[in-house]
Amino acid sequence: MKAMILAAGLGNRMRPLTDHLPKPLLQAGGKSLIAYHLENLQRAGIHEVIINLAYLGEKIRAQLGDGKQFGLEIIYSTEPEPLETGGAILHALELLGTEPFLLVNGDVWCDLDFTQFIQHPFVENQLGHLLLVPNPDFHPLGDFALDNHSHLIDDPDKTHPQRFTFGGISLLSPELIAGYPDKRQKFPLVEVLRRAISNGQLTGQLHQGHWSDVGTPARLQELEDYLSR
């Protein structure tokens, strides 16, 4: 199985920390956010990792190189500009191949063991499996609902009692993007996910461990405090 780490964002909410450093290279607990992912991938037996680059991407390439220091092979998908999450995957489709791959947001931290997560089986016509987390204070209504059979529910009225937040970690079939009729150079993954949910093609699982969306300097400091205990 291959993995892709999304690392091309501008990190506007993290400024001034991201004025000269891309967000995945910000450190917590003495290690960059992206290094935690790479180590987790290696432990899970994943050897080939695609990382998309745009904003300050040369700094990511300079620090990670070809991935040998992590026991991995890193292949870079260079974008002319940040293409958003859906556009980034579309741009990298030829690198990803035809089998399901693990997609990880470069700006989250999670104690999830990828080894177990990537073993989730896909049934016929399934296009993805998402990691969900309890809704954090900054996102109290969550993103999607989860039924008793692990199928995701798009709940636009946000009234379902089992609503959770997408944790930025997922197993996806390349066909999710390749077969999306409204794909274009630049578009968000969430619109593709909502279409797949409406077609009953996505499942999810709830992670009750520690998870952090490192979206602001304050949340980076919270993660630093947690890892320094």
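None of these values were measured; they are calculated from a predicted model.

Reading guide: rules and limits
Residues numbered from 1 in each chain as written. Predicted model: local features only at pLDDT ≥ 70, side-chain atom pairs only at ≥ 80, totals over all residues. Heavy atoms only, no water. Helix = DSSP H or I, 4+ residues; strand = E, 2+ residues; numbered from the N terminus. Buried < 20%, exposed > 50% of the residue type's maximum accessible area, 1.4 Å probe, protein only. Contact = heavy atoms within 4.5 Å. Lys, Arg positive; Asp, Glu negative; His and termini not counted. Charge placed at Lys NZ, Arg CZ, Asp CG, Glu CD. Pairing = 2+ DSSP bridges. Right-handed = clockwise from strand over helix to strand, strands pointing away.

**Student:** When you look at the overall build of the chain in this model, what are you seeing that I'm missing?
**Tutor:** When you go through the chain residue by residue, the secondary structure sums to eight helices and 13 strands. By principal-axis analysis of the C-alpha atoms, the chain measures approximately 40 × 40 × 30 Å. Across the 229 residues that make up the chain, the buried fraction comes to 50%. Taking the contacts inside the chain whose residues are at least 6 apart along the sequence as the reference set, 72% of them involve residues at least 24 apart. Of the charged side chains in the chain, 18 are positive and 28 negative, and the gap between their average positions amounts to 4 Å.

**Student:** I keep staring at the environment of Cys110 and nothing clicks. Help me out?
**Tutor:** Here Cys110 shows up in strand 7 (residues 108–110). For Cys110, a relative accessible area of 12% puts it in the buried group. In sequence terms Cys110 and His207 are 97 residues apart; their C-alpha atoms lie 9.3 Å from each other. Filtering out sequence-adjacent residues up to four positions away, Cys110 remains in contact with Leu131, Ile169, His207, His210 and Trp211.

**Student:** Teacher, can you tell me more about unusual backbone geometry here?
**Tutor:** Negative phi is the rule for most residues except glycine; trans is the rule for most peptide bonds. Notably, Leu56 is not glycine yet its phi reads approximately 50 degrees, a positive angle. If you trace the backbone, Leu56 turns up in the loop between strand 4 (48–53) and helix 2 (57–64).

**Student:** Looking at this model, I keep getting lost on the environment of Pro16. Mind explaining?
**Tutor:** Residue placement: Pro16 occurs in the loop between strand 1 (2–6) and strand 2 (27–28). A C-alpha to C-alpha distance of 8.9 Å links Pro16 and Pro217, two positions 201 residues apart in sequence.

**Student:** What should I look at first to understand the pairing of strand 4 in this one?
**Tutor:** Across a regular strand the side chains alternate sides, sitting on one face of the sheet and then on the other. Across the six residues of strand 4, five count as buried, placing the element largely inside the fold. Of the strand pairs in this sheet, strand 1 and strand 4 are connected by four bridges, and their pairing is parallel. By the bridge assignment for strand 4, Lys2 is matched with Glu48. Relative to strand 5 (residues 73–78), strand 4 runs parallel, the two sharing six bridges. Counted as the bridge partner of Leu53 is Thr78 from strand 5. Where the polypeptide runs from strand 4 across helix 2 and back to strand 5, its parallel neighbour, the crossover connection is right-handed.

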